[in-house]
Amino acid sequence: MALSKLDSLYKAVVTDHTKTPHHRGLLPEQAPHTLHNPTCGDVLSLSLELVDDRIAAIGWDGDGCSISLASASMMADSVLGLSVTDALAMAELFSQMVQGASDPRQKELGDAQFLSGVSKFPQRIKCATLAWNALKDALAEGE
Ligand code: ZN
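This structure is a prediction, so every number in the text was calculated from the model and none was measured.

Caption draft 1: Fine view of the overall build of the chain. Of the regular secondary structure elements, the chain holds four helices and three strands. Since a compact globule built from 143 residues should have a radius of gyration of about 15 Å, the 14 Å found for the chain is in line with a globular shape. Overall, the C-alpha framework of the chain stretches about 45 × 30 × 25 Å when taken along its three principal axes. Across the 143 residues that make up the chain, the buried fraction comes to 42%. Of the accessible surface of the chain, which amounts to about 7600 Å², a share of 53% is contributed by carbon and sulfur atoms.

Caption draft 2: A look at the sheet that holds strand β1 (residues 33-37). Pairing within the open sheet is antiparallel, and its three strands lie in the order β1-β2-β3. Pairing within the sheet leaves two strands with one partner each, and these edge strands are β1 and β3 (54-63). If you compare each strand with its neighbour and ignore which way they point, the axes differ by 20° on average. Inspection of the sheet shows strand β2 (residues 42-51) paired to β3 by nine bridges, in the antiparallel sense. Looking at β3, one finds that Glu49 is bridged to Ala57.

Caption draft 3: Focus on the pairing of β2. Alignment of β1 against β2, held across five bridges, turns out to be antiparallel. Directly across from Asn37, in β2, lies its bridge partner Asp42. With antiparallel pairing between neighbouring strands as the criterion, β1 and β2 make up a hairpin whose turn holds four residues, including Gly41 at a positive phi of roughly 95°. In this structure, the hairpin formed by β2 and β3 is closed by a connection of two residues, where Asp52 is found at a positive phi of approximately 50°.

Caption draft 4: Just the side chain of Ser45, in detail. With respect to the element layout, Ser45 can be found in strand β2. The exposure class assigned to Ser45 is buried, which follows from its relative accessible area of 12%. There is a polar contact of 2.7 Å between the side chain of Ser45 and the side chain of Thr34.

Caption draft 5: Quick look at the packing of aromatic side chains. Using the criterion set out here, one finds one aromatic pair in the structure. Between Phe94 and Trp132, the aromatic rings sit 4.9 Å apart at their centres with planes inclined by 15°, giving stacked as the arrangement. Of this pair, Phe94 sits in helix α3 (residues 84-98) while Trp132 sits in helix α4 (residues 122-142); the two residues are 38 residues apart in sequence, bridging distant segments of the chain. Given a relative accessible area of 1%, Phe94 falls into the buried group. Residue classification places Trp132 among the buried positions, given a relative accessible area of 1%.

Caption draft 6: Structural detail: the environment of Ser66. Among the structural elements, Ser66 can be located in helix α2 (residues 66-79). Placed 12 residues apart in sequence, Ser66 and Arg54 show a C-alpha to C-alpha distance of 28 Å. Those residues within four positions of Ser66 in sequence are excluded, and the remaining contacts are Val14 and Thr18.

Reading the values: the criteria
Residues numbered from 1 in each chain as written. Predicted model: local features only at pLDDT ≥ 70, side-chain atom pairs only at ≥ 80, totals over all residues. Heavy atoms only, no water. Helix = DSSP H or I, 4+ residues; strand = E, 2+ residues; numbered from the N terminus. Rg over C-alpha atoms; globule rule 2.2 N^0.38 Å. Buried < 20%, exposed > 50% of the residue type's maximum accessible area, 1.4 Å probe, protein only. Areas by Shrake-Rupley, 256 points an atom, 1.4 Å probe, with all protein chains shown as cover. Pairing = 2+ DSSP bridges. Axes fitted to C-alpha atoms, helices over the stretch in contact; angles between N-to-C directions. Polar contact = N/O pair within 3.5 Å; in protein donor to acceptor, adjacent residues only side chain to side chain. Phe/Tyr/Trp six-rings, centres within 6.5 Å; stacked < 30°, edge-to-face > 60°. Contact = heavy atoms within 4.5 Å.

Put into structure tokens, the structure is as follows:
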């Protein structure tokens, strides 16, 4: 019973982010980083602005399955305002979570923590991590 409750919560949160994506739309002044997930056909572009080593603004755009788009929306919520170090730690936490690891700090991911169920569907892991990988790329270039 607990599992089906979690399952419906997961669906509700994903649907919410798919219908009303947060921070969708690239930042006009920043060069976007675009990544593809060929196994599903997802495309995701991410732009961000760093001020004093913090993510002061973030925007994304993409085309693909609902998990890839919902994950981008959740990721942007999770990392906006964080320092580069903290944002990279979040990306690592997320990556371990969708591979099945359990960690109390996963609560810090906000809505993104509800994607933990993706660990049961190996083909969807790349969909869920696409936005986070784009984030890592963008941060690596920003440094
Ligand atoms: Zn996908």
